[in-house]
Amino acid sequence: MSFLKAENIEKKYSSNIGIGPISMLLEKNKIYSLIGPNASGKTTLIRCLCFLEKLDSGSITINETKENNQLITSVVFQQPEPWPHLTVLENVMLPLIHVAKYNKKDARLLAEETLANFGLLDRIKYFPHQLSGGLRQRVVHTRTFAMKPKYLFLDEPTSALDPEWTEQLGKLLKNYASDGNMVFIVAHQINFLKKISDIVYFIKNGLILEEGHPSQVLGHPSNESLQKFLENA
Amino acid sequence: MYIWNWDWIWLYREQLIDATLLTLWLNVIVLIIGSLFGVLLGLLKRTRYKIFKVIASVYIDLFRTLPVLVLLIWFYFCMPILFDIKISAFTTSVLVLSLNLSAFIAEIVDAGIENIPRNHIESARLLGFSYWQTNKLITLPIALKNMTPPIVSQYINSIKLSVLASVIAVPELLNVSQNIISQTYRPLEFYTFLAVIFLIILLPWTLWSKRLESKSFFKNKKDKN
């Protein structure tokens with residue numbers, strides 16, 4: 001069984017800003033979600049889990065056999081901006097060609113197939129600055145989805161999406177997880193998370209205060225600050 | 001009422017053509033040397049090595065601050081006395097204008113790379129691109145496109161500054177015009193002609209730079225192709 005395991009990870013920017021110690025075990029075929037107030041460390045935690053930040057202490061291990069050109073972890077950022085010098089199609093194809101080593105024809109097929117899932121097939125020749133915020137966000141999703149990272153992290157993937165596409169993204173994420181991948185998602189739409197998550201984490205001031213099944217964490221929280229957080233949701 | 005007589009221009013056409021060609025030649029060399037050196041310096045300023053950073057920064061600040069006219073006079077008249085180094089007026093002009101241009105280009109290159117959102121580079125790394133692939137496929141193309149409009153307007157400035165070479169008697173357009181005027185006493189015709197020539201040389205660049213600026217990515221344009 002392959003998994004990503006974080007043990008007592010800590011990352012401090014100054015004495016009271018930062019995260020940790022946090023431990024978590026992320027398994028495949030599951031969708032994890034992370035909720036918490038602004039500036040609670042959600043983005044920092046994701047950055048640490050994807051090895052973008054140097055940890056102050058603790059360790060992250062991934063139990064995974066690396067196949068050729070296979071992407072292990074990847075992130076979709078909070079303000080997703082496609083590369084501005086490439087069209088929508090080129091944005092999706094570039095990593096497929098240069099990292100996954102597909103030939104041009106296969107890369108194009110896979111890119112178009114994934115773009116169709118995100119409703120972007122009629123926009124493939126557009127440049128990012130010609131698209132609205134929601135469409136740009138979908139381009140970045142497509143780009144990462146097409147690369148099929150085994151551990152996919154999404155930082156507020158729904159921030160620019162309308163309700164219909166939020167719903168659609170939920171379906172895509174469920175399928176993606178059931179294909180043998182892990183999905184870790186930060187979002188503020190509690191109802192959306194309730195529907196798709198297997199495990200929910202609540203973070204505040206850099207610490208995980210509650211974790212468990214969504215019906216329990218989001219329905220009957222025991223932690224006081226989580227109760228307060230959900231009251232306003 | 002002043003009576004224009006354009007025959008004078010025709011009469012001195014050979015000198016004027018020579019001067020125009022020399023002006024063009026001077027500027028072509030300056031643009032090439034200044035650009036190459038400027039890009040190199042801009043990249044040096046972005047290296048991890050502190051010593052290179054300091055050298056590049058000092059150079060950039062120095063030559064962005066010193067007026068071209070002062071530099072021209074200093075290199076042409078002071079260098080021979082102080083260090084016994086004598087260089088021709090043309091070479092001095094190339095040197096000084098290149099020093100000036102390269103400092104500005106270096107600053108543009110530095111800012112052009114600095115201003116690429118970190119997001120673009122990080123997402124490339126997260127999608128599995130190597131360091132060099134990221135540079136080649138993402139950083140460089142975005143930076144180049146950002147840098148082109150300011151670089152073109154810097155070129156225009158540099159070409160305009162090249163008339164200063166006349167003070168050390170480089171036979172470029174202004175210098176030659178002044179010489180002709182002192183013989184013919186027809187300043188209006190020759191200075192007007194000079195203005196027209198510069199307009200012809202520079203107007204395409206100006207229009208081009210405007211076009212490039214309107215094509216910049218980070219402007220949120222909504223036109224569909």
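Everything here concerns the structure above.
Residues numbered from 1 in each chain as written. Chains lettered and ligands numbered in written order. Predicted model: local features only at pLDDT ≥ 70, side-chain atom pairs only at ≥ 80, totals over all residues.

(A) Layout of the sheet that holds strand β1 (residues 3–14) of chain A. All names here are of chain A. Here 3 strands make up an open sheet; going across it, the order is β2-β1-β4 and the pairing antiparallel. The sheet is open, and its two borders are formed by β2 (17–27) and β4 (57–63), each paired with just one other strand. The average angle at which neighbouring strand axes cross in this sheet is 15°, direction not considered. Where β1 lies against β2, 8 bridges are found, and the strand directions are antiparallel. Looking across to β2, one finds that F3 is bridged to E27. Across the face of the sheet, helix α1 (residues 42–49) comes into contact with β1, β2 and β4 while running at roughly 55° to β2. (Pairing = 2+ DSSP bridges. Helix = DSSP H or I, 4+ residues; strand = E, 2+ residues; numbered from the N terminus. Axes fitted to C-alpha atoms, helices over the stretch in contact; angles between N-to-C directions. Contact = placed C-beta atoms within 7 Å.)

(B) Region of interest: unusual backbone geometry. One non-glycine residue, N8 of chain A, lies in the positive phi region at around 45°. Positive phi, normally seen in glycine, also occurs at D84 of chain B, with a value near 60°. By the element assignment, D84 of chain B lies in the loop between α4 (68–83) and α5 (89–114).

(C) Quick look at the interface of chain A and chain B. Counting from both sides, the interface comprises 20 residues of chain A and, opposite them, 21 residues of chain B. Per-element tally for the side of chain A that touches chain B: the top contributor is helix α2 (residues 88–98) of chain A, with 3 residues. Its residues assigned to classes, the side of chain A that touches chain B comprises 11 nonpolar, 7 polar and 2 charged. (Nonpolar A, V, L, I, M, F, W, Y, C, P; charged D, E, K, R; others polar.)

(D) Spotlight on the nonpolar core. Of all hydrophobic cores here, the largest spans 97 residues; its most connected members are L45, V92, A111 and F153 of chain A together with L72 of chain B. With 12 residues, α5 of chain B is the single largest residue contributor to this core. Contacts of L45 of chain A, omitting those with residues within four sequence positions, involve I19, I22, L34 and I203 of chain A. Core analysis: the second largest hydrophobic core is formed by 9 residues, A19, L174, V176 and I180 of chain B among them. (Core = buried A, V, L, I, M, F, W, Y, C linked by C-beta atoms within 7 Å. Buried ≥ 20, exposed ≤ 12 C-beta atoms within 10 Å, placed from the backbone.)

(E) Summary view of the packing of helix α2 (residues 13–45) of chain B against helix α3 (residues 50–65) of chain B. Residues and elements named next belong to chain B. Two elements in contact, α2 and α3, have axes separated by 7 Å at closest approach and are oriented at 130°. Classified by the interaxial angle, the pair formed by α2 and α3 is oblique. Relative to α3, α2 is oriented so that their crossing is left-handed. Contacts from L41, L44 and K45 of α2 reach α3 at F52, K53, A56, S57, Y59 and I60. (Parallel < 35°, antiparallel > 145°, perpendicular 65-115°, else oblique. Left-handed = near helix turned anticlockwise from the far one by under 90°.)

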